[in-house]
Amino acid sequence: MTRPILNAIHHVAIICSDYARSQQFYTQVLGLTVIAEHYRRERDSRKLDLALPNGNQLELFSFPNPPARPSQPEAQGLRHLAFVVDNVAEFADYLTRQGVAVEPIRIDEFTGKAFTFFQDPDGLPLELYQG
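Predicted, not measured: the structure shown is a model, and the values here were computed from it. (Residues numbered from 1 in each chain as written. Predicted model: local features only at pLDDT ≥ 70, side-chain atom pairs only at ≥ 80, totals over all residues. Heavy atoms only, no water.)

Participant: In this structure, what is going on with the pairing of strand E7 (residues 114–119)? I would like to understand it.
Facilitator: On a regular strand, each side chain points to the face opposite its neighbour's, so the side chains alternate between the two faces of the sheet. Of all the six residues making up E7, five are buried; the element is thus mostly covered by neighbouring parts of the structure. Two strands pair when backbone bridges link them, and strand E6 (residues 106–107) and E7 are joined in this way by two bridges, in the antiparallel orientation. Residue Arg 106 lies in a different strand from E7, and its bridge partner there is Phe 115. Here five bridges tie E7 to strand E8 (residues 125–130), and the two strands are oriented antiparallel to one another. Within E8, the residue paired with Thr 116 across the bridge is Leu 128. Connecting the antiparallel pair E7 and E8 is a turn made up of five residues, with Gly 123 showing a positive phi of about 85°. (Buried < 20%, exposed > 50% of the residue type's maximum accessible area, 1.4 Å probe, protein only. Helix = DSSP H or I, 4+ residues; strand = E, 2+ residues; numbered from the N terminus. Pairing = 2+ DSSP bridges.)

See below:
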């Protein structure tokens, strides 16, 4: 029997603590496009579907009283979400002007490409990676 193939990542899902604050961050600061927004009354949950220019998607959820989780890039579990950008320094400068703390830019020792980390409003680790 031939093993089936995973073709791509369809989406990444994030549960936020403050839906309005995270919605503003991901749409206004990071510039993701809204695909759809839904409210599930029975769960008191909101879901915002967002798209990157290449079609990758991010789902932003709200739930009442979600449990906290570790957020540092070296914590066990999902390490971080990385976005490809044309110019890491330029995007990092933009984020800084928006009031977002950005770590110093580093160079990947294996690829020679620039990268840096910042956090979303809930402290989730996000990365900018040179395309």
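What follows picks up the thread again.
Participant: Where do I start with the sheet that holds strand E1 (residues 11–16) in this structure?
Facilitator: Whenever strands of a sheet pair, they do so through backbone hydrogen bonds, lying parallel or antiparallel. Spatially, E1-E4-E3-E2 is the arrangement adopted by the four strands of the open sheet, whose pairing is mixed. Of all the strands in the sheet, the pair left with one neighbour each is E1 and strand E2 (33–40). Direction aside, neighbouring strands of the sheet carry axes that sit 20° apart on average. When E1 meets strand E4 (residues 57–62), the two strands line up parallel, connected through six bridges. Counterpart to Ile 14 in the pairing with E4 is Leu 60. Sheet strands touched by helix H1 (residues 19–29): E1, E2, strand E3 (45–51) and E4. Its angle to E3, the strand with the most contacts, is close to 5°. (Axes fitted to C-alpha atoms, helices over the stretch in contact; angles between N-to-C directions. Contact = heavy atoms within 4.5 Å.)

Participant: Help me understand H1 in this model?
Facilitator: Residues that lie three or four places apart on an α-helix share one face, since the helix turns once every 3.6 residues. Taken together, the buried positions of H1 are Tyr 19, Ser 22, Phe 25, Tyr 26, Thr 27 and Val 29. For H1, the N-terminal capping position is held by Asp 18, with its side-chain oxygen 3.3 Å away from the main-chain nitrogen of Ala 20. Just downstream of H1 lies Gly 31, where phi reads positive at about 80°. (Polar contact = N/O pair within 3.5 Å; in protein donor to acceptor, adjacent residues only side chain to side chain.)

Participant: Can you help me understand the packing of aromatic side chains in this one?
Facilitator: For any pair of aromatic rings, geometry is given as the distance between the ring centres together with the angle between the planes. Scanning the entire structure with this criterion turns up six aromatic pairs. An angle of 90° between the planes, with centres 5.2 Å apart, marks the rings of Phe 25 and Tyr 26 as edge-to-face. A relative accessible area of 0% means that Tyr 26 is categorised as buried. For the ring pair Phe 91 and Tyr 94, a centre distance of 5.7 Å and an interplane angle of 75° mean the geometry is edge-to-face. Residue Phe 91 and its partner Tyr 94 are located together in helix H2 (residues 88–97), separated by three residues, close to a single helical turn. Given a relative accessible area of 23%, Tyr 94 falls into the partly exposed group. By the ring-pair criterion, three or more aromatic residues cluster together here, those being Phe 25, Tyr 26 and Phe 118. (Phe/Tyr/Trp six-rings, centres within 6.5 Å; stacked < 30°, edge-to-face > 60°.)

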